[in-house]
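Chains, contacts and geometry: an overview
If you want the building blocks of each chain, they are given just below.
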Amino acid sequence: VIQSVIGLSQRGLSLLGSVLDPVAVGAAADAIIGATSTALLGVGASGVVAYDFLQKLLRIGLPSSYTADTDLQVTAASMLKSTDAAFVVSYSGENVAMCEAARQARGRGATLISLTMDSPNTVRSLSDIQLLVPASERIYRQGAVTSRINQLTVVDILYSIIVSRNLDSSIAAIERTMQATHRRAEGAADREAKK
């Protein structure tokens, strides 16, 4: 099982390079850097990826939002401005809530970035910038394995580009957030030791 899952992940990642367009990745990074705020949208395993991206963007001081509640995601998309970005993660590109969120974001004039599988789908067709992962799993699958790892890898690539384009401010923000979180952890440890 160990070797099987590792092999599956390696094959999925080896296919990613053939479908991920460097120009689209650069455009997505620029859109997120230039956005007033970025709404991150996704459910299920794709929601985990969106949440991971939220943590990364907040660490470098880029205004972003994510909620696991799909109604709130659609609501957030309906309130975007033309200076905002929406980043929709949906492997199938056909999840009903994500399709509606994408329609709302597009209708508001926000820059719509999608991360979907490499096949025709609704979310992809609505998007200004299309990021693709290999169509390596069936839509109805036991659990996202290669698709999730590929999506997380795309997020890591985007994050690396964003950091490299704003290196000084990103490093300063990372140091500030590390100090804030570590100070809180140290304070909790001190309080616990005094008990």
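First, a word on scope: everything that follows refers to the structure included in this document. The structure presented is a predicted model; accordingly, all values stated were derived computationally and were not measured.

**Concerning the overall build of the protein chain**
A tally of regular secondary structure across the protein chain gives 8 helices and 5 strands. For the protein chain, the sequential pattern of α-helices and β-strands runs α-α-β-α-β-α-β-α-β-α-β-α-α. For the protein chain, the proportion of its 195 residues judged to be buried stands at 43%. Sequence-distant contacts, at least 24 apart, represent 70% of the contacts inside the protein chain between residues at least 6 apart. Accessible surface computed for the protein chain: about 10,200 Å², of which carbon and sulfur atoms make up 56%.

**A short note on the pairing of strand β5 (residues 129–133)**
Most of β5 is tucked away, with 4 of its 5 residues classed as buried. In this sheet, β5 lies alongside strand β4 (residues 111–117) in parallel orientation, the contact comprising 5 bridges. Within β5, the residue paired with Leu115 across the bridge is Leu131.

**Observations regarding the nonpolar core**
Among the nonpolar cores identified, the biggest contains 32 residues, and Phe53, Phe87 and Leu131 are the most heavily contacted of them. Elements represented by at least two residues in this core include exactly α2 (22–34), α3 (44–59), β3 (85–89), β4, β5 and α7 (146–165). Non-local contacts of Leu131, meaning those with residues more than four positions away in its chain, are made with Leu20, Ala24, Val25, Ala28, Phe87, Ile113, Ser114, Leu115, Thr116, Val154 and Leu158. Counting 17 residues, the second largest nonpolar core, distinct from the first, contains Leu41, Val88, Met98 and Ala110.

Rules behind the numbers
Residues numbered from 1 in each chain as written. Predicted model: local features only at pLDDT ≥ 70, side-chain atom pairs only at ≥ 80, totals over all residues. Heavy atoms only, no water. Helix = DSSP H or I, 4+ residues; strand = E, 2+ residues; numbered from the N terminus. Buried < 20%, exposed > 50% of the residue type's maximum accessible area, 1.4 Å probe, protein only. Contact = heavy atoms within 4.5 Å. Areas by Shrake-Rupley, 256 points an atom, 1.4 Å probe, with all protein chains shown as cover. Pairing = 2+ DSSP bridges. Core = buried A, V, L, I, M, F, W, Y, C linked by side-chain atoms within 4.5 Å.

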